[in-house]
Structures are given as C-alpha cells and as structure tokens.
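# Examination of the molecular architecture
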Amino acid sequence: ASSFARMFVQVCLYFYCKCLWRCLKFVVRKLTGQCELQRICYNTKPGAARTMKIEASLKGSKSKRLQTSVNVHPDAIEKTIDDIMELKRINPDINPQLGVSLQACLLQIVGYRNLIAEVEKLRREPYDSENPQHEEMLLKLWKCLKPNSPLKARISKQWCEIGFQGDDPKTDFRGMGLLGLYNLVYFAEWDTEIAQKVLTDSLHPKYRVRVTGISYNVLKECELSTKAAAFPYSYSFAIVGINITDLAYNLLVSGALKTHFYNVAPEAPTLTHFQQTFCYLMHEFHKFWIDEDPLDIMEFNRVREKFYKRILRQLQNPEMALCPHFAASESLINM
C-alpha cells in the first residue's frame, strides 16, 4: 500500500510539474515575445550547451512535428527549419540568425544519431580474412607500428609484438568487429608518433628494471609481450586498443559524447571525430595506467572502470571538449 501511495504521489507530481512548466513557458513567451527556441538561441552560446537545450526542447514539445524534427534526414533539415519557424509563427526575415542557429543544432543532433548507426554497422561487421580490404588494413596497422620490422608471414608469432593474443589477429576482433581495427589503424596512421610511443611503453615500461632487476634488452620483444605476468606494468597494446574502442562505443551510444561532439563538430559529427576521440582516449588511458601504478595486468578492469568514470565526469561539463587540438572551427563560434 505504501509503495502504491508513493507511486501515486510521484505520478501526480509529474503531471503537476509538467502542466506548471507549460504554463510558465506560456507566461514567459507573452512577457518576452519570444518562444523557448528563440530564448535558447539568443541567450546561450553555440556548442553543447545550446544544442542540448534545443534537443531537449524539441523532444519535450507537445507538437509531434517538433518532436520528430530531431529524426529527419540531413537533406530535409532546411525544410524542417522552415516548418519550425512557421509552426512557431516566427518571421524569418526579422529573425534570420535564428534559422542559421537552429540549422547548426539540427545538423549536430541528426549527425550524432547517424554516427551511432555508422559505428554500430562497423561494430557488427566481423573481420573476414578472405576480404582483401580487411587484410590490407591489418597489414597497414603492422607497417605503421613496426615500419622497420617486416612481417615474415601473415600467420606469425610477430603479431604478439604489437599486442595481439595469438598468431592470427582476426580472432581478437570478435567483440568490436571492424570498428576495433578501424580505430587502431587510424591511431597508428594519423597519430603515428604517439601510437608508437604508447606501444613501446606497453612493451618496455620504465618500472620493469626496478621491479625485476632484469634488463628488457635481454629478451626479445615478442617474449616481453607474452610475459605480462612477469612484468606487471606491461599490457597488450592491440587488445587494450580494442577494449578502449568498446569504452568509446559505450560513451557514444549512451549519449555521453554529445557534450564533446557538439563542442568540436560545427556541423554533423563524423566517423573521423569518433576516431580522433579514440586516439585521445588511448593516449589518456596509457598515462592513467602508469599513474595508477597497478600491481599487475589483473587490475586492468579496475583501472579501466576508474578511467571510464573520470571521462564521464568530465563530459558532464557542457563546456567540455576532450580533444583540445580538435577544437571547433570559427564557423561554430560565429553561429
């Protein structure tokens, strides 16, 4: 009975607040002569703060046309803006900047939804060793990370030198499909210097000599990567990369990355934005791992979870942009 009463009170409060909020919006519009969309665009600077308020306003509208405007095709955005202006009785000639601002917001909102679909498609596509394009990407990963060490064979123990678990890397892509490979190749190709440094550090942590008293030059690189238990601070670069891909994927589909993407992408966020974010997360996780000073690789899940929570906290700030060197262009600032 008490739970029913509690639920009844919560339902009453919900409808009361909803009605009160609509009445308040009506009063504010009469006093200011501006609808909620106008007030957001005129009083909130561009970026995540504005786009997320616009998104919430459209989704929370009592009008079905406004609710569905966040799900239109990118080619229909201009017409959608015209419909919104007409529905809200806003004269575009008197408010020309409003249409521009709304268009920028809708491009980001629709683009984020489409990015999730694109990333999900890559995640669901399995690695196929019979596909020449897949094989070419895998070999490119090796060449970027180990340019001075030719791969002796496609099936080889050498793959453990860059952090795969066995002779054939294809088995390690099962969880994240092609998405894991796409991210690793992007990191190795476009952020080569940092990727190679992270790989080297993962094989030769600075703590290793202190912990074991053995010079790592005594052992071959492949032997080092397969003896993680003996060297607590080492980890498998490629496997961690696939794991961080999973972390980035969860941030994306949960909506947590909206803050970041709405601040760095002046229009629709793309797969490139997602891959740049992966590069940032890989680099930051590597530094976080060293700072955490784990006892051994068995602490990976604990460190990963702590890192994930830290990123989530950062993304709660509407001003947050995870990658400062991928800052929003001037066109966003001027909208």
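The name given to the protein in an unreviewed UniProt entry is ELMD1 protein, and the organism recorded there is Regulus satrapa.

Let us now look at the nonpolar core. Formed by 84 residues in total, the largest nonpolar core has its most connected members in Ile54, Leu141, Leu181, Leu251, Phe274 and Leu281. Residue contributions to this core reach at least three from each of two domains, namely domain 1 (34-123) and domain 2 (131-316).

With that out of the way, let us pick up the environment of Pro46. Along the polypeptide, Pro46 turns up in the loop between helix H2 (36-43) and helix H3 (48-59). On the basis of relative accessible area, Pro46 is assigned to the partly exposed category, the value being 23%. Along the backbone, Pro46 and Cys105 are 59 residues apart, and their C-alpha atoms lie at a distance of 8.5 Å.

It is at 9 Å that the axes of helix H8 (residues 177-190) and helix H12 (residues 237-253) come closest, and there the two elements cross at 115 degrees. Considering their axes alone, H8 and H12 lie roughly perpendicular with respect to each other. Between H8 and H12 lies a crossing of right-handed hand. Across the interface between the two elements, Leu179, Gly180, Asn183, Leu184 and Phe187 of H8 pack against Phe237, Ala238, Gly241, Ile242 and Thr245 of H12.

Procedures and definitions
Residues numbered from 1 in each chain as written. Predicted model: local features only at pLDDT ≥ 70, side-chain atom pairs only at ≥ 80, totals over all residues. Heavy atoms only, no water. Core = buried A, V, L, I, M, F, W, Y, C linked by side-chain atoms within 4.5 Å. Buried < 20%, exposed > 50% of the residue type's maximum accessible area, 1.4 Å probe, protein only. Domains from an automatic or database assignment. Helix = DSSP H or I, 4+ residues; strand = E, 2+ residues; numbered from the N terminus. Axes fitted to C-alpha atoms, helices over the stretch in contact; angles between N-to-C directions. Parallel < 35°, antiparallel > 145°, perpendicular 65-115°, else oblique. Left-handed = near helix turned anticlockwise from the far one by under 90°. Contact = heavy atoms within 4.5 Å.

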